[in-house]
Amino acid sequence: MAYETILVETRGKVGLITLNRPKALNALNTEVLTELLAAARAFEADPRIGALVLTGSDKAFAAGADIKEMQSQTYVDMYLADFFSGWEDFTRLRKPIIAAVAGYALGGGCELAMMCDFIIAADTAKFGQPEITLGVIPGMGGSQRLTRFVGKSKAMDMCLTGRMMDAAEAERCGLVSRLVPAGELIEEALKAADKIAGFSLPAVMMAKEAVNRSYETTLGEGLRFERRLFHSLFAFEDQKEGMAAFAEKRSANFQNR
Ligand SMILES: CC(C)(O)CC(=O)SCCNC(=O)CCNC(=O)[C@H](O)C(C)(C)COP(=O)(O)OP(=O)(O)OC[C@H]1O[C@@H](n2cnc3c(N)ncnc32)[C@H](O)[C@@H]1OP(=O)(O)O
């Protein structure tokens, strides 16, 4: 498939998707969503791919949802289209996806990064939920996900003032898992994704499912869910291989079975 707004590459076992609307600082419009989902689903269906990396440009991961696309919309348009609901499909991807963020990750850009499984940020990254400056509020999950990442006080600060947080602050408050020099961002993200892609895919997918469940359920239910998934992994050949490899002091050769 030919894409207009993203670049899609395969690097070994890793699918790399680069947002590519440089003139609009990778603003997220309907076409980006459609193409991003199509590319991610193609990687999901490809058994050679074990993990994904999503990135943008040096200047912007994404400067938000496309303000020019939204500008003239009415309440009726928004409601009938259930505008932004399509982004929920992105969060249903089952293979792990790392956001590699340099430059601006604002509004929908910050929200998209938070929809990924973790964020590796360049020291140039700037995060923010500036919707309040446009007379609106976050609409792709910012008020909910940011609060879970950084706590109520800082999420309120970000959503009410619209200020940006730099990469160091984002790392300190847990929004970002790793901070790297800008020149090493893609290499580090690909390295992390490649490491994940070398493990047993069913175990990786279940780890993602278990961590995500912790956002949606009680501790007791979450612990029971984790334990059931853990038990189920003993039905996979990869559990036998992984534990045999440890006992035999060799590297495991996982088959995703
Ligand atoms: C999903 C929701 C509901 O949560 C909502 C959102 O995401 S709303 C959008 C939130 N994002 C913003 O408010 C950020 C808007 N952009 C900026 O403030 C600035 O562009 C900047 C600080 C990121 C960078 O400033 P600067 O370097 O001066 O570049 P610009 O000249 O402003 O931008 C270059 C070019 O890109 C266009 N652009 C930037 N952001 C967006 C956007 N979110 N939507 C549409 N277009 C955007 C900007 O208009 C410029 O294009 P031209 O006007 O020159 O054609």
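Residues numbered from 1 in each chain as written. Predicted model: local features only at pLDDT ≥ 70, side-chain atom pairs only at ≥ 80, totals over all residues. Heavy atoms only, no water.

What should I look at first to understand the overall build of the chain in this one?
Each helix and strand in the chain was counted, giving 12 helices and 10 strands. For 257 residues, the compact-globule estimate of 2.2 N^0.38 gives 18 Å, and the C-alpha radius of gyration of the chain, at 19 Å, lies within 12% of that figure. Along the first, second and third principal axes, the C-alpha set of the chain runs to 60 × 45 × 40 Å. Looking at the chain residue by residue over its 257 residues, the buried ones come to 42%. In the chain, 66% of the contacts between residues at least 6 apart in sequence involve partners at least 24 apart. On the chain, the mean spot of the 30 positive side-chain charges and the mean spot of the 33 negative ones are 5 Å from each other. (Helix = DSSP H or I, 4+ residues; strand = E, 2+ residues; numbered from the N terminus. Rg over C-alpha atoms; globule rule 2.2 N^0.38 Å. Buried < 20%, exposed > 50% of the residue type's maximum accessible area, 1.4 Å probe, protein only. Contact = heavy atoms within 4.5 Å. Lys, Arg positive; Asp, Glu negative; His and termini not counted. Charge placed at Lys NZ, Arg CZ, Asp CG, Glu CD.)

What am I meant to see in the nonpolar core here?
Leu54, Phe90, Leu112, Phe127 and Leu175 are the most contacted members of the largest nonpolar core, which totals 44 residues. If near-sequence neighbours (up to four positions away) are discounted, Leu175 is found in contact with Met114, Ile119, Phe127, Leu146, Phe149, Val150, Met165 and Ala170. One finds Leu16, Ala51, Val53 and Ala122 within the second-largest nonpolar core, a separate group that totals 18 residues. (Core = buried A, V, L, I, M, F, W, Y, C linked by side-chain atoms within 4.5 Å.)

Would you mind going over the packing of aromatic side chains with me for this structure?
What characterises a pair of aromatic rings is the spacing of the ring centres plus the angle enclosed by the ring planes. Under the definition given, this model contains 3 aromatic pairs. Considering the side-chain rings of Phe230 and Phe234, the 5.2 Å spacing of their centres and the 70° angle between planes classify their relative orientation as edge-to-face. A residue is classified by how much of its surface remains accessible, and Phe234, at 37% relative accessible area, is partly exposed. (Phe/Tyr/Trp six-rings, centres within 6.5 Å; stacked < 30°, edge-to-face > 60°.)

I would appreciate a short explanation of helix α5 (residues 108–115) in the present structure.
Because the α-helix completes a turn every 3.6 residues, residues three or four places apart line up on one side. With 8 of 8 residues buried, α5 lies mostly within the body of the structure. Taken together, the buried positions of α5 are occupied by Gly108, Gly109, Cys110, Glu111, Leu112, Ala113, Met114 and Met115.

Even after reading the chapter, I still don't get unusual backbone geometry, so can you show me in this structure?
Most peptide bonds take the trans configuration, and most residues that are not glycine carry a negative phi. Of note, the phi angle at Asn26 is positive, near 60°, even though the residue is not glycine. On the secondary structure map, Asn26 appears in the loop between β2 (14–19) and α1 (30–45). Here the phi dihedral of Phe84 falls at roughly 80°; this positive angle occurs in a residue that is not glycine. Tracing the backbone shows Phe84 in the loop between α3 (75–81) and α4 (87–91).

Hey, could you run me through the pattern of salt bridges in this one?
One side chain can pair with another of opposite charge once the charged atoms of both are near each other. All told, the structure shown has 14 salt bridges when counted by the stated rule. The shortest N-O distance in the salt bridge between Arg11 and Glu9 comes to 2.9 Å. Between Asp117 and Lys208 there is a salt bridge whose closest N-O contact spans 2.8 Å. Of this pair, Asp117 sits in the loop between α5 and β7 (118–122) while Lys208 sits in helix α10 (residues 201–213), and the two are 91 residues apart along the sequence. Here the residues in one salt-bridge network are Arg41, Glu88, Asp89 and Arg92, joined through shared partners. (Salt bridge = Lys/Arg side-chain N within 4 Å of Asp/Glu carboxyl O.)

Help me understand the packing of α5 against helix α6 (residues 142–150), please; the structure alone is not making it clear to me.
Each packed pair of helices is defined by two parameters, the angle between the axes and the distance between the axes. At a minimum axis distance of 10 Å, the contact between α5 and α6 shows a crossing angle of 55°. Classified by the angle their axes make, α5 and α6 are oblique. Like other packed secondary-structure pairs, α5 and α6 cross with a definite hand, here left-handed. Mapping the contact onto sequence places Glu111, Met114 and Met115 in α5 and Gly142, Arg145, Leu146 and Phe149 in α6. (Axes fitted to C-alpha atoms, helices over the stretch in contact; angles between N-to-C directions. Parallel < 35°, antiparallel > 145°, perpendicular 65-115°, else oblique. Left-handed = near helix turned anticlockwise from the far one by under 90°.)

I tried to follow the sheet that holds strand β3 (residues 51–55) on my own but got confused; where do I start?
Across a sheet, paired strands are connected by hydrogen bonds in the backbone, their directions being either parallel or antiparallel. Reading across the sheet, the 6 strands line up as β1-β2-β3-β5-β7-β10 and stay open at both edges, with mixed pairing between neighbours. At either end of the open sheet lies a strand with only one pairing partner, and these are β1 (6–11) and β10 (178–180). Across this sheet, the average inter-strand angle for adjacent strands is 20°, counted without regard to direction. Across 6 bridges, β1 lies against β2 in antiparallel orientation. From the neighbouring strand, Ile6 faces β2, where its bridge partner is Leu19. On top of the sheet, α1 reaches β1, β2 and β3; it is set at about 175° to β2, its chief contact. (Pairing = 2+ DSSP bridges.)

Everything listed here is a matter of coordinates, which is why it stays silent on function.
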